[in-house]
Amino acid sequence: MVKKTPKEETTIPPGTPWFHWKYGENGLEACLIMIRGPQVGRRVVLDKDEIVLGRSKNADVQIEESCVSRQHAVIKREASTFIIIDQNSTNGTFVNSERRVTCVLRDQDLITIGNTIFKFIAKNSPELHYHEELHKQASLDPVLQIHNKRFFLEYLEQKCHRSLLLPTKLAIILFDIDHFKRINDTYGHQTGDQVLLHVANIVKSRLRNSDIFSRYGGEEFAVALPDSDAEQAGMTAEKLRRAVEATAVIRDEDEIRVTISLGAASLEPAGSPIRSWRDLIERADSALYEAKKAGRNRTIVYRGTR
Ligand SMILES: Nc1nc2c(ncn2[C@@H]2O[C@H](COP(=O)(O)OP(=O)(O)OP(=O)(O)O)[C@@H](O)[C@H]2O)c(=O)[nH]1
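Bear in mind that the values here come from a model prediction, so they are computed numbers and not experimental data.

**Student:** Hey, could you run me through the packing of helix α4 (residues 189–206) against helix α5 (residues 230–245) in this one?
**Tutor:** Axes are the key here: two packed helices are described by the angle between their axes and the distance separating the axes. Contact geometry of α4 with α5 gives a least axis separation of 10 Å together with a crossing angle of 140°. It follows that α4 is oblique to α5 by the angle criterion. Crossing of α4 over α5 shows right-handed handedness. Along its contact with α4, which presents Val 199, Ile 202, Val 203 and Arg 206, the element α5 presents Lys 239, Leu 240, Ala 243 and Val 244. Across the contact of α4 with α5, the residue classes break down as six nonpolar, no polar and two charged.

Structure (structure tokens):
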């Protein structure tokens, strides 16, 4: 049964980029890896001319520590060089333990901001591919070979931030297999896993390359649809629902059929404006909840006034 997402449930690192886990045209970009702090292993790809680090919600890399200034430091890219510039922060920016106002970053430099430490990995660093692989492994669901929740939320946060600034359209779908417990209870957990894989494959094959599809929980999934509004998300959701409904998993003599319930929400105003990715998740989740309550095997698009 789908439960409403508690507000504090998602604690995914803010500002974590998602877009360079496949090799881009210019190869891998330089990055920062958090090596001490609340999100150890968090990777920040330095793919913009300027990246702000600070406590502010609007910082590209938000560091939620009271001793970190709102706009603490900026990393500027100049050709292939990265320069960190302290923004007159109260407690200072440290590179390799020395307080610096500006500093050209070199491979493996350690940047300390508050209690958080990042390691700078340059574009030509021998460690770059290693960190890339670690990030990739940490972003995949090992059974279904689709993105995991961590990756999805990283992506959503980044994408939402940009879509609200530009602004561009963005929608998401959350969906859940109906009465999945019965499948496990009737056929066993292994067959349950087969059904999960079946649903994941059906959905994957119906999405665009630009859509981000992930496992959100046990039998819950999430899709992010860039450049889509609520109507388009509703149509995609219906397409997915019909595709799942129309196919079956064959097991011995049995045809196992499942249905899914879906909730969709988009960034465009529906009642009160969306301020963050959390609002989007909450709205899609409440639409999914309504779809379950209304009898399952259906799509509800969030049109609330909250
Ligand atoms: N086989 C298998 N089962 C899983 C996995 N993750 C979660 N489940 C099962 O999914 C079931 C979810 O049950 P419920 O939350 O009651 O939901 P439901 O039976 O789908 O009912 P509704 O969501 O209300 O339609 C539980 O029995 C979990 O054990 C998994 O990775 N593999």
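Okay, back to it.
**Student:** Mind showing me how you'd approach the pairing of strand β11 (residues 116–121) here?
**Tutor:** Among the six residues that make up β11, six are buried, leaving the element largely enclosed by the rest of the structure. Neither face of β11 is open: one carries Thr 116, Phe 118 and Phe 120, the other Ile 117, Lys 119 and Ile 121, and all of them are buried. The pairing of strand β1 (residues 31–36) with β11 spans five bridges and is antiparallel. What sits directly across from Met 34, in β11, is Phe 118. Where strand β10 (residues 110–113) meets β11, four bridges bridge the pair, whose relative direction is antiparallel. Residue Ile 113 lies in a different strand from β11, and its bridge partner there is Thr 116. Counted between consecutive antiparallel strands, the loop separating β10 from β11 contains two residues, among which Gly 114 sits at a positive phi close to 60°.

**Student:** Got a minute to help me understand the packing of aromatic side chains in this structure?
**Tutor:** Geometry of an aromatic ring pair is reported as the spacing of the ring centres plus the angle between the planes. Across all of its chains, the model carries five aromatic pairs by this definition. Ring geometry for Phe 175 versus Phe 213: centroids 6.3 Å apart, planes at 15°, classification stacked. A residue pair is termed long-range when its members are at least 10 positions apart, and Phe 175 in strand β12 (residues 170–177) and Phe 213 in strand β13 (residues 212–215) qualify at 38 residues. Pair check on accessibility: Phe 175 and Phe 213 agree, each one buried. In this structure Phe 175 comes out as buried when scored by relative accessible area, which is 0%.

**Student:** What am I meant to see in the state of the cysteines here?
**Tutor:** The bond known as a disulfide is covalent and runs between the sulfur atoms of two cysteines. Going through the model one piece at a time under the given rule, you end up with zero disulfides. Cys 31 supplies the cysteine sulfur nearest to Cys 103, a cysteine that is in no disulfide, at a spacing of 17 Å.

**Student:** Quick question: what am I supposed to make of α5 here?
**Tutor:** Helical geometry note: an α-helix holds 3.6 residues per turn, so side chains three or four residues apart project in the same direction. For α5, spanning 16 residues, the distance from its first C-alpha to its last is 22 Å, which sits close to the expected 22 Å at 1.5 Å a residue. By the burial criterion, the buried members of α5 are Ala 230, Ala 233, Gly 234, Thr 236, Ala 237, Leu 240, Arg 241, Ala 243 and Val 244. Along its buried surface, α5 packs onto β12, α4, β14 (220–226), β17 (260–266) and β18 (299–301). You can read the cap of α5 off the contacts: a side-chain oxygen lies 3.2 Å from the backbone nitrogen of Glu 231, and it is on Asp 229.

**Student:** Can you help me understand the nonpolar core in this one?
**Tutor:** Side chains of nonpolar character tend, in soluble globular proteins, to be buried together. Core analysis: the biggest nonpolar cluster contains 32 residues, and Ile 173, Phe 175, Val 199, Phe 213 and Phe 221 have the highest contact counts within it. Those elements that place two or more of their residues in this core are β12, α3 (180–187), α4, β14, α5 and β17. Sequence-distant contacts of Phe 175, that is, excluding residues within four places in its chain, are made with Val 199, Val 203, Phe 213, Glu 219, Glu 220, Phe 221, Val 223, Ile 260, Ser 261, Leu 262 and Leu 288. Counting 23 residues, the second largest nonpolar core, distinct from the first, contains Phe 152, Ala 265, Leu 267 and Trp 277.

**Student:** Help me understand the UniProt feature "domain: FHA" (unreviewed entry) in the chain, please; the structure alone is not making it clear to me.
**Tutor:** Feature annotation in UniProt places "domain: FHA" (unreviewed entry) on residues 51–100, given in this structure's numbering. Structurally, residues 51–100 comprises 0% helix and 48% strand, and the distance from its first C-alpha atom to its last is 17 Å.

**Student:** In this structure, what is going on with the side chain of Ser 163? I would like to understand it.
**Tutor:** Here Ser 163 shows up in helix α2 (residues 149–165). Residues within four places of Ser 163 in sequence aside, it is in contact with Thr 168, Lys 169, Leu 170 and Leu 267.

**Student:** Teacher, can you tell me more about α2 here?
**Tutor:** For α2, which comprises 17 residues, the first-to-last C-alpha distance of 24 Å matches the rise-based estimate of 24 Å (1.5 Å per residue) to within 8%. Turning to α2, its buried residues are Phe 151, Phe 152, Leu 153, Glu 154, Tyr 155, Leu 156, Glu 157, Gln 158, Lys 159, Cys 160 and Ser 163. Along its buried surface, α2 packs onto α1 (128–139), β12, β13, β14 and α6 (277–293).

**Student:** In this structure, what is going on with the packing of α3 against α4? I would like to understand it.
**Tutor:** It is at 7 Å that the axes of α3 and α4 come closest, and there the two elements cross at 135°. Relative to α4, the element α3 is oriented oblique. Seen from α3, the contacting residues are Phe 180, Ile 183, Asn 184 and Tyr 187; seen from α4, they are His 189, Thr 191, Gly 192, Val 195 and Leu 196. In terms of residue class, the contact of α3 with α4 is made up of five nonpolar, four polar and no charged.

**Student:** What is the right way to read unusual backbone geometry from this model?
**Tutor:** Residues apart from glycine generally show negative phi values, whereas peptide bonds are mostly found in trans. A positive phi angle is found at Asn 96, which is not glycine, with a value near 50°. Residue placement: Asn 96 occurs in the loop between β7 (93–95) and β8 (98–100). The class for Asn 96 is partly exposed, based on a relative accessible area of 35%. At Gln 108, a position not held by glycine, the phi torsion is positive, near 80°. Tracing the chain through its elements places Gln 108 in the loop between β9 (102–104) and β10.

Cut-offs applied
Residues numbered from 1 in each chain as written. Predicted model: local features only at pLDDT ≥ 70, side-chain atom pairs only at ≥ 80, totals over all residues. Heavy atoms only, no water. Axes fitted to C-alpha atoms, helices over the stretch in contact; angles between N-to-C directions. Helix = DSSP H or I, 4+ residues; strand = E, 2+ residues; numbered from the N terminus. Parallel < 35°, antiparallel > 145°, perpendicular 65-115°, else oblique. Left-handed = near helix turned anticlockwise from the far one by under 90°. Contact = heavy atoms within 4.5 Å. Nonpolar A, V, L, I, M, F, W, Y, C, P; charged D, E, K, R; others polar. Buried < 20%, exposed > 50% of the residue type's maximum accessible area, 1.4 Å probe, protein only. Pairing = 2+ DSSP bridges. Phe/Tyr/Trp six-rings, centres within 6.5 Å; stacked < 30°, edge-to-face > 60°. Disulfide = S-S within 2.5 Å. Expected span 1.5 Å × (residues − 1). Polar contact = N/O pair within 3.5 Å; in protein donor to acceptor, adjacent residues only side chain to side chain. Core = buried A, V, L, I, M, F, W, Y, C linked by side-chain atoms within 4.5 Å. UniProt positions renumbered as here; feature names shortened; annotations may be inferred.

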